[in-house]
Amino acid sequence: SPRSVNSLSMAMERTYIMIKPDGVQRGIVGNIISRFETKGYKLVAMKTRMATKELLEKHYADLTSKPFFPKLRDYMLSGPVVSMVWEGKEAVSTGRKMLGATNPLESAPGTIRGDFCIEVGRNICHGSDSVENANKEIALWFDESEVLDWESHSQSWLYE
Ligand code: IDP
Ligand code: MG
């Protein structure tokens, strides 16, 4: 394989990015994909589907007791979501930076939430907040066989 020693030893991560129903309805799917793609991250899984109550209760397990959880669940069930796994160096923390703050009014311009939305309950995109949670979320939303190992021809143009 033409991979360099460096690229093999560096901390490659996978993060779970999900475009929420408002992002799909508003036609922002392509823009969000494009940002991760042009950053240099590698798309290793993607599908469009309806979420389910069961998936959302696991995905947002830390939030099920919050007063806003029923509204969050209804919002996430209101239309299709786009589930993706993006891979690359520090993809989890960088993905969070690309998303911006949870509250879009506190998200910097140039971030996905900063550029495209206004309210916390309509913030168009999810991104894993730690490597551990990313691995859990990827296993929750995808079968193992749906997450692909493939070698990008850009590898040596992205990593030294
Ligand atoms: P995150 O999506 O930035 O990781 P979390 O705190 O994990 O933020 O919350 C998950 C999602 O729940 C948020 O993206 C947002 O859609 C929703 N949410 C969080 N806090 C509130 C709130 O106070 N009111 C309404 N919805 C909220
Ligand atoms: Mg979160």
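What you see is a predicted model; the values in this text were computed from it and never measured.

**Section: the site of ligand 1**
Logical step 1: The full set of residues close to ligand 1 is K20, Y60, L63, F68, L72, R96, T102, R113, V120 and N123.
Logical step 2: A distance of 3.0 Å separates an oxygen atom of ligand 1 from a polar atom in the side chain of K20.
Logical step 3: Interatomic distance of 2.7 Å between a side-chain N/O atom of R96 and an oxygen atom of ligand 1.
Logical step 4: Contact with the protein chains hides 74% of the accessible area of ligand 1, taken as 520 Å² for the molecule alone.
Logical step 5: Classifying every residue of the shell around ligand 1 gives 5 nonpolar, 2 polar and 3 charged.

**Some remarks on the UniProt feature "binding site: ATP" (unreviewed entry) in the protein chain**
Logical step 1: The positions that UniProt labels "binding site: ATP" (unreviewed entry) are, in the present scheme, K20, F68, R96, T102, R113 and N123.
Logical step 2: Relative to the helices and strands, F68 resides in the loop between α4 (53-59) and α5 (69-76).
Logical step 3: We classify F68 as partly exposed; its relative accessible area is 42%.
Logical step 4: The residue T102 is located in the loop between α6 (91-99) and α7 (112-116) in this model.
Logical step 5: Setting aside its immediate chain neighbours within four residues, T102 contacts R113, V120 and N123.

**Things to note about the packing of aromatic side chains**
Aromatic rings in a pair are described by how distant their centres are and how their planes are angled relative to each other.
Logical step 1: Considering all chains together, one arrives at 3 aromatic pairs under this definition.
Logical step 2: A ring pair is formed by Y16 and W141, whose centres lie 5.7 Å apart and whose planes are at 15 degrees; its orientation type is stacked. Taken together, the positions of Y16 in strand β1 (residues 12-19) and W141 in helix α8 (residues 131-141) put the pair 125 residues apart, joining distant regions of the chain.
Logical step 3: You can call Y16 buried: its relative accessible area is 0%.
Logical step 4: Judged by centre distance (6.3 Å) and plane angle (75 degrees), the rings of Y16 and F142 are edge-to-face. Of this pair, Y16 sits in strand β1 while F142 sits in the loop between α8 and α9 (155-158), and the two are 126 residues apart along the sequence.
Logical step 5: Among the residues examined, F142 registers a relative accessible area of 5% and is labelled buried.
Logical step 6: In textbook terms, an aromatic cluster arises when at least three aromatic residues are bridged by ring pairs, as seen for Y16, W141 and F142.
Logical step 7: Over the face of the ring belonging to W150 we find K42, whose NZ or CZ atom lies 5.5 Å from the ring centre.

**Here we look at the nonpolar core**
Logical step 1: Ranked by internal contacts, the top residues of the largest apolar core, which has 19 residues, are Y60, L72, M76, W141 and F142.
Logical step 2: Only β1, β2 (42-49), α4, α5, β3 (81-89) and α8 provide two or more residues apiece to this core.
Logical step 3: Not counting chain neighbours up to four residues away, the residues in contact with M76 comprise M18, K20, P21, A51, L56, Y60 and V81.

**Considering the pairing of β3**
Logical step 1: In terms of burial, β3 is largely enclosed, as 8 of its 9 residues are buried.
Logical step 2: With 8 bridges joining them, β1 and β3 adopt antiparallel strand pairing. Paired with E13 across the two strands is G88, which belongs to β3.
Logical step 3: In the sheet, β2 pairs with β3 via 7 bridges, with the strands oriented antiparallel.

**Digging into helix α3 (residues 29-39)**
Logical step 1: Turning to α3, its buried residues number three or more, namely I32, I33 and F36. Looking straight down α3, one finds its buried side chains confined to an arc of 95 degrees; they lie on one side. When the buried face of α3 is taken as reference, the exposed residues oriented beyond 90 degrees from it are E37 and T38.
Logical step 2: In the segment just after α3, G40 is the residue with positive phi, at about 120 degrees.

Cut-offs and rules
Residues numbered from 1 in each chain as written. Chains lettered and ligands numbered in written order. Predicted model: local features only at pLDDT ≥ 70, side-chain atom pairs only at ≥ 80, totals over all residues. Heavy atoms only, no water. Near = heavy atom within 4 Å. Polar contact = N/O pair within 3.5 Å; in protein donor to acceptor, adjacent residues only side chain to side chain. Areas by Shrake-Rupley, 256 points an atom, 1.4 Å probe, with all protein chains shown as cover. Nonpolar A, V, L, I, M, F, W, Y, C, P; charged D, E, K, R; others polar. UniProt positions renumbered as here; feature names shortened; annotations may be inferred. Helix = DSSP H or I, 4+ residues; strand = E, 2+ residues; numbered from the N terminus. Buried < 20%, exposed > 50% of the residue type's maximum accessible area, 1.4 Å probe, protein only. Contact = heavy atoms within 4.5 Å. Phe/Tyr/Trp six-rings, centres within 6.5 Å; stacked < 30°, edge-to-face > 60°. Lys NZ or Arg CZ within 6 Å of the ring centre and 35° of its normal. Core = buried A, V, L, I, M, F, W, Y, C linked by side-chain atoms within 4.5 Å. Pairing = 2+ DSSP bridges. Arc of directions from axis to C-beta.

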